[in-house]
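Here are the chains, one letter per residue:
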Amino acid sequence: MDFTIKQPLERCFSMLKMDEGKDYLLTTDNQIIEISPKNGKHYEGDELREHINDYFEFCHLSETHLFIGMDNGQAISQKTNKNGALFLRGRYNLMNDCVWGECLIVQQKHIR
């Protein structure tokens, strides 16, 4: 995969009409849902797993944001996530990569 930055993160957020100061769950049925840590400060591993519904992996978007997606979404026959793929392809020079299953875009300050 080519993780050469294609465009500024701000543009990726505006492309999907999202606010950079918030965290989001991107669903396979094209919903964009604002989320926040249950304790108001940071997400716990189990809380992330509840959103993703499986094991997850992190993708560094910037000094302030992370993309969190399913570790094995394709292998367990999850639906593709069009908004997740659009966001990643907007940020990086990824041409044919798909995102499978639910994914999150969160502020790094909410991860410990």
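Scroll up for the structure.
Please read all numbers here as calculations on a predicted model, not as lab measurements. (Residues numbered from 1 in each chain as written. Predicted model: local features only at pLDDT ≥ 70, side-chain atom pairs only at ≥ 80, totals over all residues. Heavy atoms only, no water.)

Participant: Help me understand the overall build of the protein in this model?
Facilitator: Scanning the protein from N- to C-terminus turns up three helices and five strands. Burial statistics for the protein: of 112 residues in total, 44% are counted as buried. Contacts spanning at least 24 positions in sequence make up 59% of the contacts within the protein whose residues lie at least 6 apart. Only carbon and sulfur atoms are counted for the fraction: they give 47% of the accessible area of the protein, which is about 6400 Å². (Helix = DSSP H or I, 4+ residues; strand = E, 2+ residues; numbered from the N terminus. Buried < 20%, exposed > 50% of the residue type's maximum accessible area, 1.4 Å probe, protein only. Contact = heavy atoms within 4.5 Å. Areas by Shrake-Rupley, 256 points an atom, 1.4 Å probe, with all protein chains shown as cover.)

Participant: Would you explain the nonpolar core in this entry?
Facilitator: Here is a general trend for soluble globular proteins: nonpolar side chains tend to be buried in one another's company. F13, M18, L61, F67, F87, L88 and I105 are the most contacted members of the largest nonpolar core, which has 17 residues in total. Those elements giving two or more residues to this core turn out to be α1 (9–15), β1 (23–26), α3 (82–91) and β5 (103–107). (Core = buried A, V, L, I, M, F, W, Y, C linked by side-chain atoms within 4.5 Å.)

Participant: Explain the sheet that holds strand β2 (residues 32–35) here, please?
Facilitator: Through backbone hydrogen bonds, the strands of a sheet pair up, either in parallel or in antiparallel fashion. Spatially, β2-β1-β5-β4-β3 is the arrangement adopted by the five strands of the open sheet, whose pairing is antiparallel. Of all strands in the sheet, those with a lone pairing partner are β2 and β3 (56–60), marking the two edges. Geometrically, the sheet is characterised by an average inter-axis angle of 25° between neighbouring strands, direction not taken into account. The pairing of strand β4 (residues 65–70) with β5 spans five bridges and is classified as antiparallel. Note that in β5 the partner of G69 across the bridge is C103. In the packing of helix α2 (residues 45–52) onto the sheet, contacts are made with β1, β2, β3, β4 and β5, and the angle to β3 comes to roughly 95°. (Pairing = 2+ DSSP bridges. Axes fitted to C-alpha atoms, helices over the stretch in contact; angles between N-to-C directions.)

Participant: Is there a simple way to explain the packing of aromatic side chains in this structure?
Facilitator: For any pair of aromatic rings, the description rests on two quantities: the centre-to-centre distance and the angle between the ring planes. Per the stated rule, a full pass over the model turns up two aromatic pairs. Centre to centre, the rings of F13 and F87 are 5.3 Å apart; their planes meet at 80°, and the pair counts as edge-to-face. Residue F13 is located in helix α1, and its partner F87 is located in helix α3; the two are separated by 74 residues in the primary sequence. Plain terms: the ring middles of F56 and F58 are 5.6 Å apart, the flat faces sit at 85° to each other, and that makes the pair edge-to-face. Residue F58 is classed as partly exposed on the basis of its relative accessible area, which comes to 43%. (Phe/Tyr/Trp six-rings, centres within 6.5 Å; stacked < 30°, edge-to-face > 60°.)

Participant: When you look at α3 in this model, what are you seeing that I'm missing?
Facilitator: Residue pairs spaced three or four apart in an α-helix point in one direction, given the helix's 3.6 residues per turn. With seven of its 10 residues buried, α3 lies for the most part within the structure. Of the residues making up α3, those classed as buried are N83, G84, A85, F87, L88, G90 and R91. The inward-facing, buried residues of α3 contact α1, β1, β2, β3, β4 and β5. With a side-chain oxygen lying 3.4 Å from the backbone nitrogen of N83, the N-terminal cap of α3 falls on N81. (Polar contact = N/O pair within 3.5 Å; in protein donor to acceptor, adjacent residues only side chain to side chain.)

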